[in-house]
Structures are given as structure tokens and as C-alpha cells.
Amino acid sequence: MEELLANPATTVVDVRETGEFASGHYDGAINIPLGIVPLRIDEFKAMNGPIVVYCRSGNRSGMAMNLLKQAGLTEVFNGGGLHDMLVYQD
């Protein structure tokens, strides 16, 4: 995960709700709540490089990862929960 996050081409996506995102998130992450991930597949497909998704515990990000892989994306990784992600933040 550390190598993925160090890659400037990696996009980090927080799939928590907007209120959760507003209360704290991984630096540089974009917020696309799990419920609207299926509506924004084209946006995900336009991302160049790996995608790391995370949430509060790793459950919603796991679902998001599965949705994206079912849509044909291959470089999608579950970063787990926010606390897991913050370990890698400078």
C-alpha cells in the first residue's frame, strides 16, 4: 500500500458519506460516496493509474472495489479504513 500511495498516478477515493469526509480524510483524497459509485463508473475509468478506495472500516471500500472490478477496472485496491490509511500519510 505504501508504494501505491507514493505513486503520483494513484487516485485515492474516500467512499464514506460527505459528512464523514468533511470531518476528516486522507490528504488528497476525493469523495465519492459508495451509493453513487455505480453512477460515476465513467469517472473512475477516466482515472489514469491505480485507484485506492477507503472508508471507515474497510467494508464499504470493499464493496466499492468489487463494483469497480465488476465494471472492468483492474487496478483497484481496498485501503481499508481511514485509520489504516493515515498510517501512510506524512
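All of the points below concern the structure found in this document. Along each chain, residue indices are assigned from 1 in the same order as the chain's sequence is written. The model is predicted, so local features are restricted to residues of pLDDT at least 70 and side-chain atom pairs to those at 80 or more, both for listing and for counting; the totals for chains, interfaces and linings are taken over all residues. The side-chain figures draw on all heavy atoms in the structure; neither hydrogens nor water molecules are used.

Overview of the overall build of the chain
Part 1: Secondary structure elements follow DSSP: runs of H or I of four or more residues count as helices, runs of E of two or more count as strands, with numbering from the N terminus. Across its full length, the chain carries five helices and four strands.
Part 2: Taken from N to C terminus, the helices and strands of the chain fall in the order α-β-α-β-α-β-α-β-α.
Part 3: Along the first, second and third principal axes, the C-alpha set of the chain runs to 30 × 30 × 20 Å.
Part 4: Exposure classes here rest on a 1.4 Å probe applied to the protein chains alone. A residue is buried below 20% of its type maximum, exposed above 50%, and partly exposed in between. By residue count, 44% of the 90 residues in the chain fall in the buried class.
Part 5: Contacts spanning at least 24 positions in sequence make up 62% of the contacts within the chain whose residues lie at least 6 apart. Contacts between residues were defined by any pair of non-hydrogen atoms, one from each residue, lying within 4.5 Å.

A few points about the nonpolar core
In globular proteins that are soluble, nonpolar side chains generally tend to be buried together.
Part 1: Core analysis: the largest hydrophobic core is formed by 16 residues, its most contacted members being V13, V15, V37, F44, I51, V53 and L68.
Part 2: Secondary-structure elements contributing two or more residues to this core are α3 (41-45), β3 (51-55) and α4 (59-70).
Part 3: Residue contacts for I51: discarding those within four places in its chain leaves T11, V13, F44, L73, E75, V76 and F77.
Part 4: One finds V12, V52, Y54 and L82 within the second-largest nonpolar core, a separate group that totals ten residues. Only buried residues count toward a nonpolar core. Its members are Ala, Val, Leu, Ile, Met, Phe, Trp, Tyr and Cys residues joined through side-chain atoms within 4.5 Å.

Some thoughts on the environment of M65
Part 1: Counting through the fold element by element, M65 comes out in helix α4.
Part 2: Excluding residues that lie within four positions of it along the chain, M65 makes contacts with V53, V76, F77 and N78.

Brief notes about the sheet that holds β3
Part 1: In this analysis, strands are considered paired if DSSP registers two or more bridges between them. Pairing in this open sheet of four strands is parallel, and the strands run β2-β1-β3-β4 from one edge to the other. Only two strands of the sheet have a single neighbouring strand rather than two, namely β2 (30-31) and β4 (76-81).
Part 2: Sheet analysis places β3 next to β4, joined by five bridges and oriented parallel. By the bridge assignment, I51 is partnered in β4 with V76.
Part 3: Lying over the sheet, α4 contacts β3 and β4, oriented at roughly 170 degrees with respect to β4. A fitted line through C-alpha atoms serves as each axis, taken over the contacting stretch for helices, and the angle formed by two N-to-C directions is quoted from 0 to 180°.

Let's talk about the pattern of salt bridges
Part 1: By convention in these notes, a salt bridge is any Lys or Arg side-chain nitrogen within 4 Å of a carboxyl oxygen on Asp or Glu. All told, the structure shown has three salt bridges when counted by the stated rule.
Part 2: A salt bridge links R16 to D14, with the nearest nitrogen and oxygen atoms 2.7 Å apart.
Part 3: For R16, a relative accessible area of 5% puts it in the buried group.
Part 4: A salt bridge links E43 to R40, with the nearest nitrogen and oxygen atoms 2.8 Å apart.
Part 5: When its relative accessible area of 27% is taken as the criterion, R40 is described as partly exposed.

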